[in-house]
Amino acid sequence: MDNAGNCNTTATELAKLITTFRGSAARTRCLPHIMNLIAKVSCVCIIISFFFKQYKKKKKPKVQIGSKRKNGTTHTPTVEVIEAGIAINEPESVEDAELASLMEEDESHLEDMSGQAAHDTDVTNTTRAKAIREMREKGVIITDEQNKEALGIFPKVAGLAKKVHDTTTLGEQFSKLCAANAQHLDGDKETLDRRVPTRWNSDLACLDAHLYFEKVIKQLTVATDLKSFRLTDGQWPLAGTLADILSLLSDPTTLFSRAEVPLIPNSVPMLSNLERSLRSVSNDPELPPVIRVAAYAGVLLSEKYYDVMDECEVYRIAIVMSPDKKLQWFIANGFSSTLVTQLRHLIISRWQESYKPSTTATTLSVPATVTPRQSVSKHTELHQTCTKSPAQRVLRWLPSSPVTPERPEDDINTYLDEPVVPTSHVDAAGGLLGFWEGMREKRRSVAQMALDYCSAPGKYYYSATA
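What you see is a predicted model, and the numbers here were worked out from it, not measured in a lab.

Asker: It is not clear to me how the pattern of salt bridges should be interpreted in this structure. Could you clarify?
Answerer: Pairing between side chains of opposite charge can happen when the charged atoms of each approach one another. Counted according to the given criterion, the structure contains 15 salt bridges. Ionic pairing is found between Asp 166 and Lys 162, a salt bridge with its closest N-O pair at 3.0 Å. Residue Asp 166 and its partner Lys 162 are both found in helix H6 (residues 153-166); the two are separated by four residues, about one turn of the helix. Between Arg 344 and Asp 417 there is a salt bridge, with the nearest N and O atoms lying 3.1 Å from each other. Placement of the pair is Arg 344 in helix H16 (residues 337-354) and Asp 417 in helix H19 (residues 412-417), with a sequence separation of 73 residues. Among the charged side chains, a salt-bridge network with shared partners connects Lys 162, Asp 166 and Arg 194.

Asker: For this particular structure, what's the right way to read the confidence of the model for the protein chain?
Answerer: A low pLDDT score tells you not to read the predicted coordinates there in detail. Averaged over every residue, the pLDDT of the protein chain is 74; the share at 70 or more is 58%. By mean pLDDT, the top-scoring element of the protein chain is H19 (96), and the lowest-scoring one is strand S4 (residues 79-82) (32). Taken as a whole, residues 25-29 scores under 50 in pLDDT and shows 30 contacts with residues more than four places along the chain or in a different chain.

Asker: Sorry if this is basic, but what is going on with the environment of Arg 276 here?
Answerer: In this structure, Arg 276 sits in helix H12 (residues 264-282). Taking relative accessible area as the criterion, Arg 276 reaches 35% and is therefore assigned partly exposed. Spatially, the C-alpha atoms of Arg 276 and Val 299 are 8.0 Å apart, while their sequence positions differ by 23 residues.

Asker: Help me understand the packing of aromatic side chains, please; the structure alone is not making it clear to me.
Answerer: Within a pair of aromatic rings, the relevant descriptors are the distance that separates the centres and the angle that separates the planes. Inspection of the entire model under this criterion finds seven aromatic pairs. Taking 5.1 Å as the distance between ring centres and 70° as the angle between the ring planes, the aromatic pair formed by Phe 174 and Phe 213 counts as edge-to-face. One end of the pair, Phe 174, is in helix H7 (residues 168-180); the other, Phe 213, is in the loop between helix H8 (201-212) and helix H9 (214-220), with 39 residues separating them in the sequence. Comparing Phe 174 with Phe 213, the two get one shared label, buried. Aromatic side chains Phe 330 and Phe 335 sit 5.1 Å apart centroid to centroid with 75° between the ring planes, which places their arrangement in the edge-to-face category. Note on Phe 330: relative accessible area 1%, which makes it buried. Judged by its relative accessible area of 29%, Phe 335 falls in the partly exposed class. Taken together, the ring pairs in this structure connect Phe 174, Tyr 212 and Phe 213 into an aromatic cluster.

The rules behind these values
Residues numbered from 1 in each chain as written. Predicted model: local features only at pLDDT ≥ 70, side-chain atom pairs only at ≥ 80, totals over all residues. Heavy atoms only, no water. Salt bridge = Lys/Arg side-chain N within 4 Å of Asp/Glu carboxyl O. Helix = DSSP H or I, 4+ residues; strand = E, 2+ residues; numbered from the N terminus. pLDDT = per-residue confidence, 0-100. Contact = heavy atoms within 4.5 Å. Buried < 20%, exposed > 50% of the residue type's maximum accessible area, 1.4 Å probe, protein only. Phe/Tyr/Trp six-rings, centres within 6.5 Å; stacked < 30°, edge-to-face > 60°.

Encoded structure:
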């Protein structure tokens, strides 16, 4: 399910109808939506909001269709003036007015039929204010001058890209300057990337292109009529640092943009890494205050959604059922020993409730017991699969188990007590799901549990018109 409030109700009501469904404890969320909010609030609406001046938008008239006739008198249509956006900044100069006009053109076609944009803006403003307040308490303060310089970056960067694309003569002038400075351009990029308001990663592409063509842009904006797009000496290095920070979101975005659906065991650790990276940025005393505060806003937002995700046990169980992570992933990421112990008990409990083989089944088929297996020889080719079953291919990669031979191999305790499997071996077995498919012969119940939890998608598709 996605993160809408009505999905909370769905999860609660399903638990009443389906006795085996555990309600919110089994409700997974759309991680790309969480990622988009972290990206959008921490980067576009938060990080970038520190570098993107928001101008007062024009009022749009809302005309009531048709005429009214009362007491024999025809009345003209009623005109109701509604505010198209929140007034934030009036243009301070002619140059400022040009930038404001260009930004409004880019966003004029956007509609918020579902109210999602309004909700995101509210989250943005609340999180942004909290980040500024809490970082100020730590002595990290953005001065008015720093704030003004930072806010001017993206209107100039995005505005120039739009103008170069939309103006033929300016586009030709840009191309000539690129040719003249070819020796300074390390690559084959030929034009600036435009910003697309609905895609946060287009902001990074737009900024990266601006930095790539720095020498060309400095020459181009020497002209008087383009001075409103000229970055100051202080804005250029700040733009470079901002691009580095935004690039932290590149890997998660790439994962969620793939055609195949990302799985929870791959998605959650990546989001965890992002949160730690943003926290490191916010704590770096060598970075400009505006960068640190913006990154901290991303930390606050990720914490908010991690708290929501903690309500669902599927996320943690799926990670433990990943043979290259297991409980060791939580230990390595700073989780307390108490939580790790509780998580182990939870997983054992779920296995016993829903997956443990019945007594009848075990008497009919004697389970395999754990026996020491030789490690894979360095001369063994990982892809010699023509004469081996999936189970044989997987088993040869598992490390020897430290448990006693009497314990059945198809037992969750056996799995938990074994060392983690190298990720390269999981990949060679066909990925996480392929690995567990190959384990069905030896660990039928554990493999089924792993497949049920690990196959949970990290994102969900929906139709806005559904």
